[in-house]
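Descriptive analysis of the structure
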Amino acid sequence: MILYYFVQFIVAMIATLCFAIVFSAPKSELIHCGLSGAIGWIFYIIISAVLSAPTLGNVVGSFLLTTFSRAIAAKRKNPVTIYLIAGIFPLVPGAGIYYTSYYLITNNIPEFATYGLSTLKTAGAIVMGIILGMAFPQSWFNTVFAPSYRKS
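What comes next is a walk through the structure.

So, how was this worked out
- Just so you know, the residues in each chain are numbered from 1, in the order the chain's sequence is written.
- Whole-chain, interface and lining totals are the exception, using all residues; otherwise, since this is a predicted model, local features are given only for residues with pLDDT of at least 70 and side-chain atom pairs are given and counted only at 80 or more.
- By convention in this description, side-chain values take in all heavy atoms of the structure and omit both hydrogens and water.
- Under the scheme used here, helices are H or I runs from DSSP no shorter than 4 residues and strands are E runs no shorter than 2 residues, and both carry numbers assigned from the N terminus.
- Burial classification: accessible surface area is computed with a 1.4 Å probe over protein chains only, and a residue below 20% of its type maximum counts as buried, one above 50% as exposed, and the rest as partly exposed.
- It only takes one pair of heavy atoms within 4.5 Å for two residues to be counted as in contact.
- For the accessible areas, the method is Shrake-Rupley and the probe is 1.4 Å, while residue cover comes only from the protein chains on display.
- Within this scheme, the nonpolar core is defined by two criteria: the residues are buried Ala, Val, Leu, Ile, Met, Phe, Trp, Tyr or Cys, and they are joined through side-chain atoms within 4.5 Å.

Here we take up the overall build of the chain. A tally of helices and strands in the chain yields seven helices and zero strands. The order of α-helices and β-strands along the chain, N terminus first, is α-α-α-α-α-α-α. Taking the principal axes of the C-alpha coordinates as reference, the chain spans close to 60 × 35 × 35 Å. For the chain, the proportion of its 152 residues judged to be buried stands at 38%. By sequence separation, contacts in the chain at least 24 residues apart represent 68% of the contacts at least 6 residues apart. Summed over its atoms, the accessible surface of the chain is roughly 8900 Å², and 73% of this surface lies on carbon and sulfur atoms.

Encoded structure:
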């Protein structure tokens, strides 16, 4: 079981890293971008499996990757969006969006409603996790992770 989670972590990290490369994240920050995505994904996958609660997994995963992104942004003195946007990549419900669109176009309303609701729940959970992660004052992150950071 540990090997399964390790593989999940590594694959999520590589996928996020590739996403960050495609969207031109600074080369010096790629490993941190990959870590943010892997952290969010591993907590999502563990909570989804252990508690059978994928929506809660999305909230917790996006909260933790947002918190990690803010901490690493303070430490490395970069904008949080570099890490946050790349890190969200594994959690985004791409298949759900695809099938929702597909069933809408093919006029299969029951399946459209099923996939649409599931996709909205996932997207809302991701947003909720980001909001919770952004609720902490930036000064906390600056104090803990970049004590030499000074306001001008």
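From this point, things continue past the structure.
This part covers the nonpolar core. Of all hydrophobic cores here, the largest spans 13 residues; its most connected members are Trp41, Tyr44, Ile45, Leu65, Ile88 and Leu91. In contact with isoleucine 45, other than residues within four places in its own chain, are Tyr4, Tyr5 and Gln8. Judged by nonpolar contacts, the second largest core, of nine residues, contains Leu30, Cys33, Ile82 and Tyr83.

This next bit is on the environment of leucine 30. Here leucine 30 shows up in helix α2 (residues 30-51). Relative accessible area serves as the criterion here: at 13%, leucine 30 is assigned to the buried category. Spatially, the C-alpha atom of leucine 30 lies 25 Å from that of isoleucine 2, the residues being 28 residues apart in sequence.

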